[in-house]
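So you can see what is in the structure, the chains are spelled out below.
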Amino acid sequence: MIVRQLQALRGGVADTSTLIYLERLALLPLALGAFDLLLIPQVIAEYGLRPAGAIVVPASGTGPTDQLICRTAQALAQPVLSEDRQVLRHACRLDLDHYNTLMLVLALCAQKYLPMASYPAHRQSLCAFARYGAKVLAVGDAVYRELLAHTDSR
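Residues numbered from 1 in each chain as written. Predicted model: local features only at pLDDT ≥ 70, side-chain atom pairs only at ≥ 80, totals over all residues. Heavy atoms only, no water.

S.K.: Would you mind going over the packing of helix α5 (residues 65–76) against helix α6 (residues 85–93) with me for this structure?
M.R.: To characterise two packed helices, one gives the angle between the axes of the helices and the distance between these axes. Packing of α5 against α6 brings their axes to within 9 Å, and their N-to-C directions diverge by 35°. As for the relative orientation of α5 and α6, their crossing is right-handed in sense. In this structure, α5 contributes D66, Q67, I69 and C70 to the contact, and α6 contributes V87, H90 and A91. (Axes fitted to C-alpha atoms, helices over the stretch in contact; angles between N-to-C directions. Helix = DSSP H or I, 4+ residues; strand = E, 2+ residues; numbered from the N terminus. Left-handed = near helix turned anticlockwise from the far one by under 90°. Contact = heavy atoms within 4.5 Å.)

Have a look at this one:
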């Protein structure tokens, strides 16, 4: 199921942490070409600029940026793209699909924007600065194995 979700992922409402992580992985331009990264003005202000190719959308309502990201995603029927545990929990409460950068890397692989063989190096790079717990990494690794099996069976 997750393989199909990653193959079908077309973008979502991203927060600042996602932009920073993709930039640190040198994947931000690729992700902006592959996905519709929707940014509310508050995220652009936090990040300091609007990345070329990002789509600016108005925030739905007022309040803290973390909540606005989720409310905007809900209003636009889009997934939430975030590294922030609070944002992801809020997305979960709203029953929104949500993905961290590890899953975005896997989506880039699933959609053949990146070679499957590049995942381990990107995972290792993420581990150098991301605060992923063992469970998050285990899920990512399981999805990677599933993607490999799916690719090999073709």
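S.K.: Explanation requested: helix α7 (residues 101–110) in the structure shown.
M.R.: Each full turn of the α-helix corresponds to 3.6 residues, which orients residues three or four apart in the same direction. Across the 10 residues of α7, 10 count as buried, placing the element largely inside the fold. Those residues of α7 that sit buried are T101, L102, M103, L104, V105, L106, A107, L108, C109 and A110. N-capping of α7 is provided by N100, with a side-chain oxygen placed 3.2 Å from the backbone N of L102. Residue K112 follows α7 closely and has a positive phi angle near 65°. (Buried < 20%, exposed > 50% of the residue type's maximum accessible area, 1.4 Å probe, protein only. Polar contact = N/O pair within 3.5 Å; in protein donor to acceptor, adjacent residues only side chain to side chain.)

S.K.: It is not clear to me how the pairing of strand β1 (residues 11–14) should be interpreted in this structure. Could you clarify?
M.R.: Here is the key point about a regular strand: its side chains alternate between the two faces of the sheet. In this sheet, strand β2 (residues 36–39) lies alongside β1 in parallel orientation, the contact comprising three bridges. Directly across from V13, in β2, lies its bridge partner L38. When β1 meets strand β4 (residues 80–81), the two strands line up parallel, connected through two bridges. Bridging from a neighbouring strand, A14 pairs with L81 of β4. (Pairing = 2+ DSSP bridges.)

S.K.: Quick question: what am I supposed to make of the nonpolar core here?
M.R.: Within soluble globular proteins, side chains that are nonpolar tend to cluster in buried spots. Core analysis: the biggest nonpolar cluster contains 54 residues, and L6, F35, L37, V80, L106 and L126 have the highest contact counts within it. The element best represented in this core is α7, accounting for nine residues. Apart from residues no more than four positions distant in its own chain, F35 is found in contact with L9, R10, G11, L104, A107, L108 and Q111. (Core = buried A, V, L, I, M, F, W, Y, C linked by side-chain atoms within 4.5 Å.)

S.K.: In this structure, what is going on with the layout of surface pockets? I would like to understand it.
M.R.: Regions of empty space are outlined by a rolling probe, equal in size to a water molecule, passed over the atoms. Reported here for the largest pocket is a volume of approximately 520 Å³. What lines the largest pocket is a set of 22 residues, and nearest its centre among them are E83, L88, N100, Y132 and V136. Examining the composition of the lining of the largest pocket, we find that five residues originate from one element, helix α9 (residues 134–152), more than from any other. Tallied by class, the residues present in the lining of the largest pocket amount to 11 nonpolar, five polar and six charged. (1 Å grid on protein atoms, 1.4 Å probe; cavity = no way out; pocket = protein on both sides within 12 Å on 5 of 7 lines; lining within 4 Å. Points joined across faces, edges and corners; volume = space filled by probe spheres on them. Nonpolar A, V, L, I, M, F, W, Y, C, P; charged D, E, K, R; others polar.)

S.K.: Help me understand the sheet that holds β4 in this model?
M.R.: Sheets are built from strands that pair by backbone hydrogen bonding, the pairs being arranged parallel or antiparallel. Taken in spatial order, the five strands make up an open sheet running β3-β2-β1-β4-β5, and their pairing is parallel. With partners counted over all chains shown, the strands left at the sheet margins are β3 (55–56) and β5 (98–99), one partner each. Along the sheet, helix α2 (residues 16–24) contacts β1, β2 and β4; its crossing angle with β2, the most-contacted strand, is approximately 135°.

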